[in-house]
Each structure stands twice: as structure tokens, then as C-alpha cells.
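Given next are the chains, with one letter for each unit.
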Amino acid sequence: QVQVVESGGGLVQPGGSLRLSCAASGSIFSIGAMAWYRQAPGKERELVARITTGGDTSYKQSVQGRFTISRDNAKNTVYLQMNSLKPDDTAVYYCTVRGYNVVWSDYWGQGTQVTVSS
């Protein structure tokens, strides 16, 4: 059994900041890449940021320079620091973890709501 739990969402004004956290626990013996996706109402889920085991990062173009993804391998945790937030960033944010338990699989969290509004 593997659990992936996100936290840190909420309501913030345009221009504000939020930090999302995501921790993986349970029967997971090794963790590979970790990533954040988001899904706005009526839209498809999209990749926001990704980080490899070695710390290489990649970002959706519209968040480049505003969002920063990082990870703490000792805690099996990934973070998403979001600055200069815009109303278009409003979405449910999901964390995904590639983990090894007999085979490599992608594990998803339940999502955390981020709302950017004045």
C-alpha cells in the first residue's frame, strides 16, 4: 500500500505565493521522478513541473520563472513553491510519484485546491 498526500493549497490573492508539499509513504522501496500536475474546471490535466532523482527540473512554459519544484529524498517529499500567482493558476494540483514496489508504477495524490482570486 502506497500513500501520496498533498498539502498547502488554499485561497490567495493575485501576486501572492503558496507552497505545496507532497509526501509518499508506505510500501515503496525506491522513488524516481516526482511531478506536479494541475487540472482547471473544464480543462485537461496538464504537467506543471517535474524533477528527476538527480534534481533535474522541467516546467510548463507559463510557470517558468514563477514556480520552483524541489525534493527532499530523505523524506520522500516533493515541493512546489508558487510565486506571483495569477488567476489562470487556479486549479486542483496533483502530485505524482514514480515508485518501485515489485514493479515501477506511478502513484497519485488526491489533489489540493489552489484558488487565485481577489
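Refer to the structure above for everything that follows.
Conventions adopted
Sequence order as written defines the numbering, with residues in each chain counted from 1. Side-chain atom pairs in this predicted model are given and counted only at pLDDT of 80 or more, local residue features only at pLDDT of at least 70, and totals for whole chains, interfaces and linings cover all residues. Derived side-chain values reflect all non-hydrogen atoms in the structure, with water molecules and hydrogen atoms excluded from consideration. Numbering of helices and strands starts at the N terminus; helices are DSSP runs of H or I of at least 4 residues and strands are runs of E of at least 2. Radius of gyration means the value over C-alpha atoms here, while the globule rule gives 2.2 Å times the residue count to the 0.38 power. The cut-offs for exposure are 20% and 50% of the maximum accessible area for each residue type, with area from a 1.4 Å probe on protein chains only; residues under the lower value are buried, those over the upper are exposed, and the others partly exposed. Residue contacts are counted whenever heavy atoms from the two residues lie within 4.5 Å of one another. Computed with the Shrake-Rupley method and a 1.4 Å probe, the accessible areas treat only the protein chains shown as cover for residues. The pairing test for Phe, Tyr and Trp rings, Trp by its six-membered ring, is centres within 6.5 Å, and the orientation test on the planes gives stacked under 30 degrees, edge-to-face over 60, and tilted for anything in between. Identification of polar contacts relies on pairs of N or O atoms within 3.5 Å, with a donor-acceptor requirement for protein atoms, meaning one able to donate a hydrogen and the other able to accept it, and with residues adjacent in sequence counted only if both atoms are side-chain atoms.

1. Side note on the overall build of the protein chain
Okay, so step 1: Regarding its fold elements, the protein chain presents zero helices and 11 strands.
Okay, so step 2: At 14 Å, the protein chain has a C-alpha radius of gyration in line with the 13 Å of a compact globule built from 118 residues.
Okay, so step 3: The buried share among the 118 residues of the protein chain stands at 40%.
Okay, so step 4: A separation threshold of at least 6 residues defines the contact pool for the protein chain, and within that pool the share at least 24 residues apart is 53%.
Okay, so step 5: Carbon together with sulfur atoms contributes 47% to the accessible area of the protein chain, which is approximately 6300 Å² in total.

2. Section: the packing of aromatic side chains
Okay, so step 1: Summed over the entire model, instances satisfying the criterion amount to two aromatic pairs.
Okay, so step 2: Centroid distance Tyr37 to Trp108: 5.0 Å. Interplanar angle 55°. Geometry classified as tilted. With Tyr37 in strand β4 (residues 30-39) and Trp108 in strand β10 (residues 103-108), the pair connects residues that are 71 residues apart, well separated along the chain.
Okay, so step 3: Residue class for Tyr37 comes out partly exposed when judged on its relative accessible area of 24%.

3. Digging into the environment of Thr96
Okay, so step 1: Topologically, Thr96 is positioned in strand β9 (residues 91-101).
Okay, so step 2: Residue Thr96 is classed as buried on the basis of its relative accessible area of 8%.
Okay, so step 3: Residues Thr96 and Val78, spaced 18 residues apart in sequence, show a C-alpha to C-alpha distance of 9.4 Å.
Okay, so step 4: Look past the residues within four positions of Thr96 in its chain and what remains in contact with it is Ala33, Met34, Ala35, Tyr37, Asp106, Tyr107 and Trp108.
Okay, so step 5: At 3.3 Å, the side chain of Thr96 and the backbone oxygen of Tyr107 are in polar contact.

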